[in-house]
Amino acid sequence: MSAERPAAPAPFLSDTGAPPPRRGRIVFLNGTSSSGKSSIARELLDILDEPAFHLPVDAFHAMRSRREVAPETLGTVLRRTWMGFHRAVAGMAAGGNDVVVDHVLSEEWRLRDCLALFPAEDVVLVGVHCSLEELERREQTRGDRPAGLAARQFTRVHAHGVYDLTCDTTATPAAECARLIKEFLPGRPTPTAFQRMAAGA
C-alpha cells in the first residue's frame, strides 16, 4: 500500500483561543455487516471512563438524500460518502473527542485513506469476528440488509490481518467484548496496528 500523508490539520481553537488539551482516541471497530460492531460500540459508550462518540458509517449513508441515484454514478456517490465519513472521524478526534468508529474495511482504499488521515498512535484497531453461519442467521433475522452482504465481505474485511485486539461475537456477548476493549486501552502496546501498517505502506 502507498499513501501520501497530507499536511497536519490546523489546530482547533476553543472560545478562549487555546488549543484543546488532548487529541481524541479512535477505537476503530472493523468487521462485516451484522458482526456486532454497533452493539459493542453502544456498550463501550456506557463503560468508557471519558465521554466518547459513536460514529457508525451506516449513519452517514442514512443522512444522504432519498433521491434515486443512477447506477453509473452510484459508485462515485458511495465513495464520496466513505471519504466524508473518514474526514468527519478525523475532525472529531482532532477536536479532542474520543471516537468509537464502526467500519467495514472490505475495500483496500478505505484502509489507505484512514491511514493517511488518522494519527496512527491514537488509533486502537479492533477486529470484530463472527462465524459465517452466525452472520447469515443474523442477516436473515434483521431483514434490513441485502441477502449475502456479510458473505461477500467475509473474506475481504480482515484481509490486512493486523490488529491491536480481536474479539469474536459468535458466542461472546457485546458487553463482554466491550469490557475486554476497555481493559486493553490503558496498557495498549506500541507500535499500534496503524503505526505498523503505516510504516510498511
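Thresholds, definitions, all that
Residues numbered from 1 in each chain as written. Predicted model: local features only at pLDDT ≥ 70, side-chain atom pairs only at ≥ 80, totals over all residues. Heavy atoms only, no water. Core = buried A, V, L, I, M, F, W, Y, C linked by side-chain atoms within 4.5 Å. Buried < 20%, exposed > 50% of the residue type's maximum accessible area, 1.4 Å probe, protein only. Helix = DSSP H or I, 4+ residues; strand = E, 2+ residues; numbered from the N terminus. Contact = heavy atoms within 4.5 Å. Polar contact = N/O pair within 3.5 Å; in protein donor to acceptor, adjacent residues only side chain to side chain. Phe/Tyr/Trp six-rings, centres within 6.5 Å; stacked < 30°, edge-to-face > 60°. Lys NZ or Arg CZ within 6 Å of the ring centre and 35° of its normal.

## Thoughts on the nonpolar core
Part 1: By size, the foremost hydrophobic cluster in this structure holds 26 residues, and its most contacted members are I26, F28, F85, V89, F118, L125 and F194.
Part 2: At the level of secondary structure, the elements contributing two or more residues to this core comprise β1 (26-30), α3 (71-94), β3 (98-103), α4 (108-117), β4 (123-129) and α8 (193-199).
Part 3: Here this core takes 5 residues from α3, the largest share from any one element.
Part 4: Core analysis: the next-biggest nonpolar cluster, separate from the first, contains 19 residues, V27, L29, I40 and A52 among them.

## What to know about the environment of R22
Part 1: Within the secondary structure, R22 sits in the segment before β1.
Part 2: Taking the relative accessible area as the measure of exposure, R22 reaches 35% and is therefore partly exposed.
Part 3: Taking C-alpha positions, R22 is 9.8 Å from D98, a pair spaced 76 residues apart along the chain.
Part 4: Among all residues touching R22, those that are not within four sequence positions of it are G96, N97 and D98.
Part 5: Engagement of the side chain of R22 in a polar contact is seen with the backbone oxygen of G96, the distance being 2.8 Å.

## A look at the packing of aromatic side chains
Part 1: In the structure shown here, the tally under the stated rule is 4 aromatic pairs.
Part 2: Judged by centre distance (6.3 Å) and plane angle (55 degrees), the rings of F28 and F118 are tilted. Taken together, the positions of F28 in strand β1 and F118 in the loop between α4 and β4 put the pair 90 residues apart, joining distant regions of the chain.
Part 3: Pairing F118 with F194 gives two aromatic rings, centres 6.3 Å apart and planes at 10 degrees, and the pair type is stacked. You can see F118 sitting in the loop between α4 and β4 and its partner F194 sitting in helix α8, a full 76 residues away along the chain. Here F118 matches F194 in class, with each residue buried.
Part 4: Put simply, the rings of F28, F118 and F194 touch in pairs and so form one group of aromatic residues.
Part 5: Sitting above the plane of the W109 ring, R79 keeps its charged end 4.0 Å from the centroid.

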